[in-house]
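Notes for the structure review
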Amino acid sequence: MNIRWPRILTPTHLSQFIRKQKNPITALQLFNDAKSRYPNYHHNGPVYATIISILANTGRLTEMKQVIDQMKDDSCECKDSVFVTAIKTYAKAGLLDEAFSLFKTLGQFNCVNYTESFNTLLRIVLNEYKLDVAHRLFLENSYGWEVKYRVGSLNLLMDALCKINRSDLALMVFQEMNFQCCYPNRASYITVMRGLCKDKRWNEAIHLLYSMLWRISQKGSGGDIIIYRTLLDALCDDGQIEEAILILRKVLKKELRAPKRFPYQLEFNGNDVEAAKVFINEALISSGIPSLTSYTAMAIDFYSKDKIDEADKVLDIMSRRGFRPSLLIYEAKVAALCRNGKVNEAMKVIDEEMVEGNCVPTVKMYKIAVKGLCDDGKSEMAVGYLDKIRKKVGCVADKETYNLLVNGLCLDAKYIDASRILEEMLNESYWPCNETYYRVIKGLCSVGRQYDAVMWLEEMVSQDKMPSPCLWDLLVHSVCSDVTKTDISFYLN
């Protein structure tokens, strides 16, 4: 292990040394050696977060647990995100009991706020439909001073209840929020509204909307417009078009407040459900008080449901009224176009529309583009967006972006390019999983690049990864086949 230790070691220096190591065990050894080499040195929270993240990403759960116990003994201040990483890692490995054990001991750590750890564990339990366990977890842990914000936890519970068609119970939780000293946010309203509409509890859904009218009169519709549209669309789908139009009038009248501005000619005649929906959407967009928040909410909601034409109409009205689309709208638009196979149009949004709108793409935007191109079999073009990320000041491609590129290039049989991107990924101190190595090695063997395949196998071993028997068989068979062909050619000559 060749490393040049500095005269004075700081936690920042140690974190940098650890990240540069390709082998997680080597990184852990550096972490442990620091205290013996520097008696006055003490680990801090960021250093622990770095080594725990490395061990978690490489599946070294035993070592990760040891480091977490050491952090507890050191009593150094640590952030909630460290435990989030550990809990997710345990859950991914099927060790939910270990995740619970860690969470129950969080009070022994020097961490003043573990709201996100609580929500992470609650979300994992709910995803497995263990409502009784989730209910007990909430009752036992949601009232301590360490959980600062309970609205997110209650939203998770309501969403889980709605998924099993118990929106009536979700509504009861919603109504109890005020008694829990919690104020429902927009996510609370939209979660319950969708659940009630799904279960066709129309009276409760309409009452919920009317309970929001005071919000409209105070600050306009804003982002709440998607909540109203959820109910109005659901009523139309149920054939209650007249009821939907009546509610629409009340919403607009409450928002506009000034009677002279209210569109009394708001009438719809007919039983065509889709036509009624279009009418309602246009009324919400055009007849209300213009605001960037409401336009953004409507556009993103349309794009999330792959209603690209309706969303583009919102953008057209925005531009006519002097509003510019936000980065969130562009991200939703590019994602929707990619999901619907319109990758070329999505690239035009990034390369042309965003430039005209003076909007700078982010790493998240480029990641969406890379995924869309790889899914469409255009991985070579996706590599170009990796180059654009490098040229952007403050932009750094993350591990997921590299994984998308390597897997996409392998699917397109561009194995040499995939090998190059994998090398760049390692240079950025990102740790590929075994499956990524397997795809690249298998692909290189298929195109006669056995030497490169062996080099990647050695890289796996140097990272303390255990190649599977099938990978050894594949490589040995490929190398032996290549040697046999060479020998035959030699003897023939």
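So, how was this worked out
Residues numbered from 1 in each chain as written. Predicted model: local features only at pLDDT ≥ 70, side-chain atom pairs only at ≥ 80, totals over all residues. Heavy atoms only, no water. Helix = DSSP H or I, 4+ residues; strand = E, 2+ residues; numbered from the N terminus. Buried < 20%, exposed > 50% of the residue type's maximum accessible area, 1.4 Å probe, protein only. Contact = heavy atoms within 4.5 Å. Lys, Arg positive; Asp, Glu negative; His and termini not counted. Charge placed at Lys NZ, Arg CZ, Asp CG, Glu CD. Axes fitted to C-alpha atoms, helices over the stretch in contact; angles between N-to-C directions. Parallel < 35°, antiparallel > 145°, perpendicular 65-115°, else oblique. Left-handed = near helix turned anticlockwise from the far one by under 90°. Nonpolar A, V, L, I, M, F, W, Y, C, P; charged D, E, K, R; others polar. Disulfide = S-S within 2.5 Å. Expected span 1.5 Å × (residues − 1). Phe/Tyr/Trp six-rings, centres within 6.5 Å; stacked < 30°, edge-to-face > 60°. pLDDT = per-residue confidence, 0-100. Salt bridge = Lys/Arg side-chain N within 4 Å of Asp/Glu carboxyl O. Arc of directions from axis to C-beta.

Some points on the overall build of the chain
- Across its full length, the chain holds 27 helices and 0 strands.
- When its C-alpha atoms are laid out on the principal axes, the chain stretches across 90 × 65 × 40 Å.
- Across the 493 residues in the chain, those meeting the buried criterion constitute 48%.
- Nonlocal contacts in the chain, meaning residues at least 24 apart in sequence, comprise 63% of its contacts between residues at least 6 apart.
- Across the chain, the mean location of the 63 positive side-chain charges is 5 Å away from that of the 61 negative side-chain charges.

A closer look at unusual backbone geometry
- A positive phi angle is found at Tyr-129, which is not glycine, with a value near 60 degrees.
- Inspection of the secondary structure assignment puts Tyr-129 in the loop between α7 (115–127) and α8 (131–141).
- Backbone geometry places Asn-165, a non-glycine residue, at a positive phi of 65 degrees.
- If you trace the backbone, Asn-165 turns up in the loop between α9 (151–163) and α10 (167–176).
- Assessed through its relative accessible area of 40%, Asn-165 is described here as partly exposed.

Side note on the packing of helix α5 (residues 80–92) against α7
- α7 packs onto α5 with a crossing angle of 15 degrees between their chain directions and a minimal axis gap of 8 Å. Viewed along their axes, α5 and α7 adopt a mutual orientation that is roughly parallel. Of the two possible hands of crossing, α5 and α7 adopt the one that is right-handed. The segment α5 lies against α7, with Asp-80, Phe-83, Val-84, Ile-87, Lys-88 and Ala-91 engaging Thr-115, Glu-116, Ser-117, Thr-120, Leu-121 and Ile-124.
- For the contact of α5 with α7, a count of residues per class yields 6 nonpolar, 3 polar and 3 charged.

Here's the deal with the state of the cysteines
- By the definition in use, this model includes 0 disulfides.
- Cysteine Cys-338 remains unbridged, with the sulfur of Cys-374 as its closest cysteine sulfur at 10 Å.
- Look at Cys-338 and you get buried, because its relative accessible area is 15%.

Observations regarding α9
- For α9, spanning 13 residues, the distance from its first C-alpha to its last is 18 Å, which sits close to the expected 18 Å at 1.5 Å a residue.
- Burial within α9 is extensive, with 10 of its 13 residues counted as buried.
- Where α9 is concerned, the buried positions are Val-151, Ser-153, Leu-154, Asn-155, Leu-156, Leu-157, Met-158, Ala-160, Leu-161 and Cys-162.
- In this structure, the buried residues of α9 make contact with α7, α8, α10 and α11 (186–198).
- Directly beyond the C-terminal end of α9, a positive phi value near 65 degrees is found at Asn-165.

Overview of the packing of aromatic side chains
- Summed over all chains, the structure comprises 12 aromatic pairs.
- Look at Phe-174 and Tyr-189: their rings are 5.0 Å apart centre to centre, the planes differ by 70 degrees, and that puts the pair in the edge-to-face class. In this pair, Phe-174 is assigned in helix α10 and Tyr-189 in helix α11, connecting sequence segments 15 residues apart.
- Judged by relative accessible area, which is 9%, Phe-174 ranks as buried.
- Taking the centre distance of 5.8 Å and the plane angle of 45 degrees together, the rings of Tyr-402 and Tyr-430 count as tilted. Taken together, the positions of Tyr-402 in helix α23 (residues 399–411) and Tyr-430 in the loop between α24 (415–427) and α25 (434–446) put the pair 28 residues apart, joining distant regions of the chain.
- According to the relative accessible area criterion, Tyr-402 is buried, its value standing at 3%.

So, the confidence of the model for the chain
- The predicted model of the chain averages 86 in pLDDT, with 92% of residues at 70 or higher.
- Within the model, the stretch residues 485–493 combines pLDDT values under 50 with 0 contacts to residues more than four positions away or in other chains.

Some remarks on the environment of Gly-377
- Within the fold, Gly-377 resides in the loop between α21 (363–375) and α22 (379–391).
- Gly-377 sits in the partly exposed class, given a relative accessible area of 41%.
- Residues Gly-377 and Gly-408, spaced 31 residues apart in sequence, show a C-alpha to C-alpha distance of 7.3 Å.

As for the pattern of salt bridges
- In this structure the tally under the stated criterion is 33 salt bridges.
- The residue Lys-367 makes a salt bridge to Asp-398 at a minimum N-O spacing of 2.6 Å. Within this pair, whereas Lys-367 is found in helix α21, its partner Asp-398 is found in the loop between α22 and α23, the two being separated by 31 residues in sequence.
- The class for Lys-367 is buried, based on a relative accessible area of 18%.
- By relative accessible area, Asp-398 is classed as partly exposed at 23%.
- Through salt bridges with shared partners, a single network forms among Arg-194, Arg-229, Asp-233, Asp-301 and Lys-305.

Brief notes about the packing of α5 against helix α6 (residues 96–104)
- Orientation of α5 relative to α6, taken along the N-to-C sense of each, is 155 degrees, at an axis distance of 7 Å. It follows that α5 is roughly antiparallel to α6 by the angle criterion. For the pair α5 and α6, the contacting residues are Phe-83, Ala-86, Ile-87 and Tyr-90 in the first and Leu-96, Glu-98, Ala-99 and Leu-102 in the second.
- For the contact of α5 with α6, a count of residues per class yields 7 nonpolar, no polar and 1 charged.

Observations regarding helix α12 (residues 202–210)
- Those residues of α12 lying buried are Trp-202, Ala-205, Ile-206, Leu-208 and Leu-209. Viewed end-on, α12 has its buried residues packed into an arc of 155 degrees, placing them on one side of the element. For α12, the exposed residues set more than 90 degrees away from the buried face come down to Asn-203 and His-207.

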